[in-house]
Every structure is written in C-alpha cells, then in structure tokens.
Amino acid sequence: MPAYTPSYTFTIDGTEYTDQVLENATITSGRTDIFTDTLTGYASIELIVTDDIIPAFELKDSVNVKVTDSSGSDVDLFTGEISAINKSLAGAGAFGTAPSISIQAVGSLAKLVRSFVGVDSYPSELDG
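First, a word on scope: everything that follows refers to the structure included in this document. Each chain carries its own residue numbering, running from 1 in the direction its sequence is written. Note on the predicted model: pLDDT of at least 70 is required for a residue's local features to be given, and 80 or more for side-chain atom pairs to be given and counted; whole-chain, interface and lining totals, by contrast, use all residues. By convention in this description, side-chain values take in all heavy atoms of the structure and omit both hydrogens and water.

## Overview of the environment of Gly30
We count a stretch as a helix when DSSP gives it H or I for four or more residues in a row; a strand needs E for two or more, and each element gets its number in order from the N terminus. As for its placement among the helices and strands, Gly30 is situated in strand β3 (residues 26-30). Accessibility expressed as a relative area gives 32% for Gly30, which makes it partly exposed. Along the backbone, Gly30 and Gly41 are eleven residues apart, and their C-alpha atoms lie at a distance of 6.6 Å. Summary of the burial criterion: residues with accessible area below 20% of their type's maximum are buried, those above 50% are exposed, and those between are partly exposed, where the area comes from a 1.4 Å probe applied to protein chains only.

Right under this line is the structure:
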C-alpha cells in the first residue's frame, strides 16, 4: 500500500502562500465530544517572508486551506477570514532580515452572531 503524504495549499486574499508557511500552521474546528456545543473554526498560520516583498494583509481578508487527498482532489479544510495579524522579526543577519507574519483567522460560524444580532429591534424588558 503506498504512503499517503498530504499536500496543503494556503491561500490568503486570493494569493497562494504555500511556500512561505512554516510547519506550525494549525486548524481547530468542530467539537471535542458530543456533549459540548459546536465551536467556530480557528486557523493559526505563520508566514516567513523570504523575499523583500512583505504582503499587506488586512482584517477580514479571506483565508482558505486545502489538502490534496489520496485520489488527487483538493478538499477544503478551512475557509474563513483574518481576525488578527502580528508582524515580528524572525531573524536578522549579515544577508538581511527575515520578517514573520502570524495570522489568526476565524471560520464562518464566528460571523453568525455578529451578522444577525441587532437586525431587529427588541422590546425593552424591564424586570421589577
């Protein structure tokens, strides 16, 4: 039986950054057991900038992570939008600097409450 080695694709705001993503990208989604509520999906992606062009990410930019399955088809693992950006310096030396960009993204379930709360006005409830 051949070994399955997954191939991941990281796309942020329509641009692929697969070659710049470090090994510590994580995706969390769903629930941990049947007794807990469904949680929104989160992705934590760290990019290392190897050239002099630093991408200008903005909040709410789209994030998509795909994996190639054993049949060669791309399957979406995560789709969401950027909720936090952190830029830092991964290293510096005689040949230049290597900036690092950490991105936190939330899945579509996180937008559900923000999208619908306050659409309708609710009557005032005064207790006592």
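That covers the picture; the talk isn't over yet.
## With respect to the environment of Thr68
The residue Thr68 is located in strand β5 (residues 62-68) in this model. Setting aside anything within four residues of it in sequence, one finds Thr68 in contact with Tyr4, Pro6, Ser7, Ser73 and Asp74. In terms of polar contacts, Thr68 uses its side chain to reach the side chain of Asp74, at 3.0 Å. Contact definition: two residues touch when any of their heavy atoms are within 4.5 Å. Each polar contact in these results corresponds to two N or O atoms within 3.5 Å; when the atoms are within protein, one needs to be able to donate a hydrogen and the other to accept it, and residues that are neighboring in sequence are counted only if both atoms are side-chain atoms.

## Side note on the side chain of Asp61
Structurally, Asp61 can be placed in the loop between β4 (39-48) and β5. Charge assignment in this entry is limited to Lys and Arg as positive and Asp and Glu as negative, and neither His nor the chain termini are counted. Salt bridges, as used here, are contacts in which a Lys or Arg side-chain nitrogen is within 4 Å of a carboxyl oxygen on Asp or Glu. Notably, Asp61 is buried but unbridged: the nearest opposite-charge side chain belongs to Lys87, and the N-O separation is 9.9 Å. Not counting residues up to four positions away in its chain, the partners in contact with Asp61 are Asp13, Ala56, Gly80, Glu81 and Ile82.

## Describing the sheet that holds strand β6 (residues 74-93)
One requirement defines pairing of two strands: DSSP has to find at least two bridges between them. Pairing within the open sheet is antiparallel, and its seven strands lie in the order β2-β1-β5-β6-β7-β4-β3. The open sheet has two edge strands with one neighbour each: β2 (15-16) and β3. Alignment of β3 against β4, held across four bridges, turns out to be antiparallel. The residue of β4 that forms the bridge with Gly30 is Leu39.

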